[in-house]
Structure formats: structure tokens, C-alpha cells
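Residues per chain, in single letters:
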Amino acid sequence: MNNKQYYLSERNNYFFGKLMTVRDFESEQTYMNSKRRLGNRMLNGSGIVSGLDVILVDNKTFSLEPGLALDYMGREIVVSEPYVRRLNVIKGFEENKDKGVLYLCLKYKEDLKETTFSVASSGKSNGVSEEYNRVNEGYELFLTAQKPKDEELKLDYLVNQTIEVYNKDGIKISIISGKYVNPGNCLKLTVIFEKENVEMPINYSFDVEGEFFKDINGDKKLKVSYQETEISTYKTVRKDYFVYCDASTDAVGDISIDKHSFKLKSGKDEYKLENDVKIPVSIKTMPIRDIIVNDYYSKNFLDIVENVDNKFIYLAKFHIVTNQLTYFIESFEKHPFNQYLYSNELISLLQKYSSSTEKVPVIEESKKKSEETVPQVKEIEKTKMDNIVTGVERINLGFNPKVGKSYYSYEFVHGLGEGNVAVVTAIDNKANYLTDSKGLLVFGDKSIFSKEEISISAPNVKVGAVVNSEKGTVRLGVRLQEKTTAQAVDIRWWAFRPIEVKEEEEDLVIDENVRVVITPNTIRVKPLEQVRLEAHIDGAISQEVRWGMAEPNTGTIDNNGLYTAPSKEGVYEVKAYSVKFENKSDSAYIVVSSES
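Just so we're clear, the structure is a prediction, and the values are computed from it rather than from any experiment.

## A look at the nonpolar core
Next, step 1: Among the nonpolar cores identified, the biggest contains 37 residues, and F62, L87, L104, L315 and F318 are the most heavily contacted of them.
Next, step 2: Going through the elements one at a time, β2 (54-56), β3 (61-64), β5 (76-79), β7 (101-117), β8 (130-144), β24 (313-322) and β25 (327-334) are the ones with two or more residues in this core.
Next, step 3: Top contributing element to this core by residue count: β7, with seven residues.
Next, step 4: Ignoring sequence-local partners within four residues, the contact set of L87 consists of K60, F62, F93, L102, L143, F318, I320, Y327 and I329.
Next, step 5: In this structure, Y166, L187, L264 and V277 belong to the second largest nonpolar core, which totals 34 residues.

Rendered as C-alpha cells:
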């Protein structure tokens, strides 16, 4: 019953004395299954209904938790018990292991089981009269390196479009933009930065402009920028921006990225765009809700129910490192394309919650709040410190590490440019670095602490760092102090450069010309997700700021602008204050929502 023709219009007609054959019973099952699956697909959709969580057991093994999904033919896929496997035993591993990135996919599968005696001769050459008595509706997991297109998985393509800005050498910058906007409304632009197997820090900036669009401050150009301060080999960062449409009637209001404004820096290397990037946007007075409905019902029915050959449920994304003998999982992301299928009960709850609590702040409110009394914020020690970056470097020890031997990382760019910088290192002792957000940092000699005092699972190593002031790079090294079965050790590093601020120059700054600016000033994140905000001070030499939350229990933000969202959804205000000019501040608004 793996058939794809599941919109049958013929069923059995029963009457007294009808002779029923295998064909009649099979067509009865096929008809009922087909109608149910057609209803599932067209009325409910496809995706993860419940569960199907993926948990990393160790750096080679995962566990798929029980759950339910509907595939793109409307067939139910049920995982009834935890499924624990090493990654290398999953179908597709050997063919794709050298590609570095593997997607774990789920698909429907039927198997015949339970042999039984057949009254009628089977006609088999061996004379055995046995047939299978049951059809088992199950599932199959497989690995692929092929990333699907967004339009293959969701209906978002009816209203959104993904425009690729830059994609070379493991660095990809793309923009998700709406296809339509109503006059007088804002258009959301989501800038997605991805890096795959790139060890150097990335900085980029560019301008977005269009004839009928302005940024929320009224400027003709929307300035987009990002500076990587926490450096990792693999990363995905999403940042939301908004532009205002000031047209008054229907128009073609394309927006574009000027190639001359685009600047991308990877370590010390700089890259440019060869051509301008165009983002087509239609300005429509018709409500976008009506446009979506018209576009959906203009779709060909057969395209929906038949083009399903390469559409699967993507459960996880693995970054792996391999050699001729073995492999390990370097990083991991569950449900990478958010293929969630919400139940009516969950949708009702989200609508009720959203309508009562979630309100996106408008520009006027933002300005008003920034003028209010500065809330009480825990005092932060004032230092003459600026330009600090951090990251985690994994140093491979191999598959038979030897005590007393030294192991080294690759030489990587720390991101603070040429000149002398200070580097501090610690052993990152998370129980599972791939999945845990918290853990121990071990500075100095691990052997000082006994196992009874503190549980430290990381191997005992001495750590060293070499800074090349001419190249602006760092290389880390470790020496193994005791026998271990670990194949790698994670070293957390911090690089910083003290900057002397000349007080006499600060005194010349006119207070009225100073302005604190947070970028971005509105951003959407998921509960417990982290995002980094940046703040600069116009009209002043000192760029020192202190961060704080406007209200308690609305998340936390550290000295470097790294915001951690609370588990509760809502809209929360983050404040940045100038250290030098304490009456100068700015606000940013964080929309915490589980919806992508």
C-alpha cells in the first residue's frame, strides 16, 4: 500500500450472494486508507505532529524519541519507542560521510510479516504454500547530504521568498523577504548568515534600499551589519529588519543591495559582490491574506498530491568529522527546517496567547519608552576594556592519545586585527558539548581538584596559546597529562585588547550630540535562544556601554550584549546605557515566540 494514487473514486458495491476475492478485500483497504490519507494531506498538511525529538547520546550515537508525523502523502508515521543507533549504521552514511553535513530523514515504510500456511497452492517452484499474513506500517531512517528547497517543505513560498546574497567557500548570506506588502505597512527582511567549516571570524555589512521604502527611522537606506564575536566553525544566525512602505497605490517596489555597499571580511580576507542583488516586491492594496488564498487555490491539485518523491521529514542536521577509521559528530541541530504540524488545540492556544500578550512595538512607542526614567540595573564594574571576542576550539587528540604528547589547533584569526592582544584559555567541561548550554570551565591545572570535590570529565591537559601580532592570529596547544579515552578536548578562549581612553578628549564632547544606538532594535527569537545585540555611541569617543533589562524576569543579557531569552513568550525591552554619559540610552525589543 505504498501507492500514490490515493484519490480513488471507486469502492466495493455489496449485494447478497457476492463472491468476494482477494481483489475485493484489497480494494476495500486501499479505498479507506486512501481517503483518510487524502484528508490528512489536504486538510491537515505534513510535518511533525508530536514528539520525534532527537537526543545526542554521545559524539557518535543519537536517540530518536517516540512521536507522530504525517508525510507528504498524508500517511501516518508512528515511532512507538525510543530508537537508539550509531550514526554510521544508518542508511546513506557511507555515501555521504565525506560531505561533512548530514541530514537525518524519516519516511514511511511498509513490510510484510508473519508467514502463514496458504490453503491454495502458491504456485512457487519450491512447492511451499506460505504467504505473509500481516502488513506492518513502519518507518525508515536514512541520511542525505542534499538540503531541500524551502518551497518543497512548506506553504511559506506563497508569501515569502529567499534571495541568495552571497554563497562561496562555506559562507552564505541570504534574505527571506515577503513577496507582497500593503502601502503604509512594514516589510520584514530576515537576514540569515550561515558558515560551514569556516574557522575565521566573519564580519559583513551592506545597504538595502528601494524607491518606495525607508527604514523605521525614515532613512532611505537600511543598514545591515554583523560582527562575529563568539567564533565557531559552524554557525547560523538570523536577524530581523523592517522597512516601511510609503507608497499609496499598487506598484512594483523592488528593493536592492548595491554591490558597492557590500563588504564581507573573513579573517583578513575581504570579498565583494559582482552584481547588485534584486529583491522583487509587489506593493498591493489588496489584503495579503486574500492574495495568499487566491494563490493557494490557483495551485494545480495534481502538483500537491503527486510531486512527493523527494519530500521527507527532516529530523536532525549533523556536522561530522571523519577519517579512514572512524568519525565523530562535531555539532548537531534538531528539526532544522521546523516541519511542525500544529494541532487545532495548539493553534487555538497560540492565538489566544498571541492576541492577549504579544504586541510588536511601534516606532512611536519605542521613542516614548526611551525617554522614560532609566530602570534600576545592577551596577557593572567600569573598565577601560574594549574589543573582546571568544570562541571554542576543538583540538583533536586522535584515536590513541599518548600521555606527554602535545596536540595543536589550526592557526585561526581572532578577529581583533593586528597588534598585541591578551588571550585567556580554559578547558570547556560540558557533559556534552553538542547539546549542553552550561557546564564547567576549568582554568589552570585540573589535577588540583579531586574527583570527590568536583566531577570533571574532560581530559587533564596543560593549555598554551601563541599569538601572532603581525597576522592577528592565535594557535592553541595542549599537552596530555594523563591517560584518556577522549578523542578531543574543547578549549574556550577569550581574546581582548585594552584601549586607553583619553579623558580630556571626552570632555570636549557636547552632551546633546551623543546618541546610543542598538542594532537590531527589534528581533524575534525562540524561548531560551541566545542572540547578540550591538550598541554604538554616536558623537562620542568612548564606546563603553552597560546592558540591562527594563523589567525583571524577562531574560538576561551579559556585558557583551549576549541576550538569553526566558522560557516565557512575550515582548521584552533591553536597555543599553552609555558609561560616560549616564543619561544617554537606547532600547531594543525582543519578541520571544516559539513560532519560527
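## With respect to unusual backbone geometry
Backbone geometry follows two general trends: most residues other than glycine have a negative phi, and most peptide bonds adopt the trans configuration.
Next, step 1: Note the cis peptide between T519 and P520, where omega equals -10°.
Next, step 2: With respect to the helices and strands, P520 occurs in the loop between β34 (515-519) and β35 (522-525).
Next, step 3: Non-glycine residue D169 carries a positive phi angle of around 50°.
Next, step 4: Along the chain, the position of D169 falls in the loop between β9 (160-168) and β10 (171-178).
Next, step 5: Given the relative accessible area of 64%, D169 is considered exposed.
Next, step 6: With phi around 60°, N553 is a residue other than glycine that occupies positive phi space.
Next, step 7: As for its position among the elements, N553 is in the loop between β38 (545-549) and β39 (556-557).

## Looking at the pattern of salt bridges
Next, step 1: This model, assessed by the stated rule, comprises 18 salt bridges.
Next, step 2: Put simply, R37, E110 and E137 are held in one network by salt bridges that share partners.

## What to know about the pairing of β9
Next, step 1: As judged from the eight bridges shared by β9 and β10, these two strands associate in the antiparallel manner. Considered in β10, the bridge of K168 is made with I171.
Next, step 2: Hairpin connection of β9 to β10: two residues between the antiparallel strands, including D169 at a positive phi of 50°.

## What about the environment of V517?
Next, step 1: Inspection of the secondary structure puts V517 in strand β34.
Next, step 2: By relative accessible area, V517 is classed as buried at 14%.
Next, step 3: Residues V517 and E534, 17 residues apart in the sequence, show an inter-C-alpha distance of 8.3 Å.

## Here we look at helix α1 (residues 22-44)
Next, step 1: The end-to-end C-alpha separation of α1 is 32 Å, in line with the 33 Å expected for 23 residues at 1.5 Å each.
Next, step 2: Every buried residue belonging to α1 is among D24, Y31, N33, S34, R37, L38, N40 and R41, and all of these are buried.
Next, step 3: G45, located one to two residues past α1, shows a positive phi value of around 105°.

## Looking at a nonpolar patch on the surface
Next, step 1: Taken together, the side chains of Y340, Y342, L346, I347 and L349 present a nonpolar region at the surface, about 410 Å² in accessible area.
Next, step 2: Note that I347 resides in helix α6 (residues 344-357).

## Things to note about the sheet that holds strand β18 (residues 251-252)
Hydrogen bonding along the main chain pairs the strands of a sheet, whether they run parallel or antiparallel.
Next, step 1: The mixed open sheet is built from three strands, whose spatial order is β11-β23-β18. One side of each edge strand has no neighbouring strand; the edge strands of this open sheet are β11 (180-181) and β18.
Next, step 2: Inspection of the sheet shows β11 paired to strand β23 (residues 282-283) by two bridges, in the parallel sense. Bridging across to β23, Y180 finds its partner in S282.

## So, the sheet that holds β25
Next, step 1: Ordered in space as β8-β7-β24-β25, the four strands form an open sheet in which the pairing is antiparallel. For this open sheet the edge positions go to β8 and β25, each flanked by a neighbour on one side alone. Across the sheet, the mean angle separating the axes of adjacent strands is 35° when strand polarity is ignored.
Next, step 2: The pairing of β7 with β24 spans six bridges and is antiparallel. Paired with L102 across the two strands is F318, which belongs to β24.

## Notes on empty space enclosed by the protein
Next, step 1: With the rule as written, the count across this model stands at two cavities of 30 Å³ or more.
Next, step 2: E199, I231, S232, T233, G391, V392, E393, F412 and W493 are the residues that line the largest cavity.
Next, step 3: A per-element tally of the lining of the largest cavity places strand β26 (residues 385-396) first, with three residues.
Next, step 4: Split by residue class, the lining of the largest cavity holds four nonpolar, three polar and two charged.
Next, step 5: Contributing elements (two or more residues each) for the lining of the second largest cavity: β13 (202-210) and β14 (213-215).
Next, step 6: Each residue belonging to the lining of the second largest cavity can be placed in one class, and the counts come to four nonpolar, one polar and four charged.

## Some words on the state of the cysteines
Next, step 1: Taken as a whole and judged by the stated rule, the model has zero disulfides.
Next, step 2: Its sulfur unpaired, C186 is 9.4 Å from the next cysteine sulfur, which belongs to C245.

## Thoughts on the confidence of the model for the protein chain
A low pLDDT means the predicted coordinates there should not be read in detail.
Next, step 1: Averaged over every residue, the pLDDT of the protein chain is 80; residues scoring 70 or more account for 86%.
Next, step 2: Counted against residues more than four places away or in other chains, residues 357-385, with its pLDDT under 50, gives 41 contacts.
Next, step 3: Overall, residues 501-509 carries pLDDT values under 50, and its contacts beyond four positions in sequence, including any with other chains, amount to 16 contacts.

## Structural notes on the environment of G464
Next, step 1: Its location among the elements puts G464 in strand β31 (residues 461-468).
Next, step 2: Placed 13 residues apart in sequence, G464 and G477 show a C-alpha to C-alpha distance of 5.2 Å.

## Section: the environment of V305
Next, step 1: Mapped onto the elements, V305 comes out in helix α5 (residues 301-306).
Next, step 2: Overall, the relative accessible area of 0% leaves V305 in the buried class.
Next, step 3: For the pair V305 and M73, spaced 232 residues apart in sequence, the C-alpha to C-alpha distance is 6.7 Å.

## Points about the side chain of Q339
Next, step 1: Secondary-structure assignment places Q339 in the loop between β25 and α6.
Next, step 2: What Q339 contacts, discounting residues up to four positions off in sequence, is G47, I48, Y72, L153, F312, I313 and Y314.

## Here's the deal with the packing of aromatic side chains
Next, step 1: By the definition in use, this model includes 17 aromatic pairs.
Next, step 2: Ring geometry for F193 versus Y204: centroids 5.8 Å apart, planes at 50°, classification tilted. Of this pair, F193 sits in strand β12 (residues 186-195) while Y204 sits in strand β13, and the two are eleven residues apart along the sequence.
Next, step 3: Ring pairing ties together the aromatic residues Y166, F193, Y204, F206, Y226, F262 and Y271, which thus form one cluster.
Next, step 4: We note K60 situated over the ring of Y327; from NZ or CZ to the ring centre the distance is 5.7 Å.
Next, step 5: Of note, R85 hangs over the ring of Y83, and the distance from its end group to the ring centre comes to 4.1 Å.

Reading the values: rules and limits
Residues numbered from 1 in each chain as written. Predicted model: local features only at pLDDT ≥ 70, side-chain atom pairs only at ≥ 80, totals over all residues. Heavy atoms only, no water. Core = buried A, V, L, I, M, F, W, Y, C linked by side-chain atoms within 4.5 Å. Buried < 20%, exposed > 50% of the residue type's maximum accessible area, 1.4 Å probe, protein only. Helix = DSSP H or I, 4+ residues; strand = E, 2+ residues; numbered from the N terminus. Contact = heavy atoms within 4.5 Å. Salt bridge = Lys/Arg side-chain N within 4 Å of Asp/Glu carboxyl O. Pairing = 2+ DSSP bridges. Expected span 1.5 Å × (residues − 1). Patch = residues over 30% accessible without salt bridge, like charges linked within 9 Å, V, L, I, M, F, W, Y side chains within 5 Å. Areas by Shrake-Rupley, 256 points an atom, 1.4 Å probe, with all protein chains shown as cover. Axes fitted to C-alpha atoms, helices over the stretch in contact; angles between N-to-C directions. 1 Å grid on protein atoms, 1.4 Å probe; cavity = no way out; pocket = protein on both sides within 12 Å on 5 of 7 lines; lining within 4 Å. Points joined across faces, edges and corners; volume = space filled by probe spheres on them. Nonpolar A, V, L, I, M, F, W, Y, C, P; charged D, E, K, R; others polar. Disulfide = S-S within 2.5 Å. pLDDT = per-residue confidence, 0-100. Phe/Tyr/Trp six-rings, centres within 6.5 Å; stacked < 30°, edge-to-face > 60°. Lys NZ or Arg CZ within 6 Å of the ring centre and 35° of its normal.

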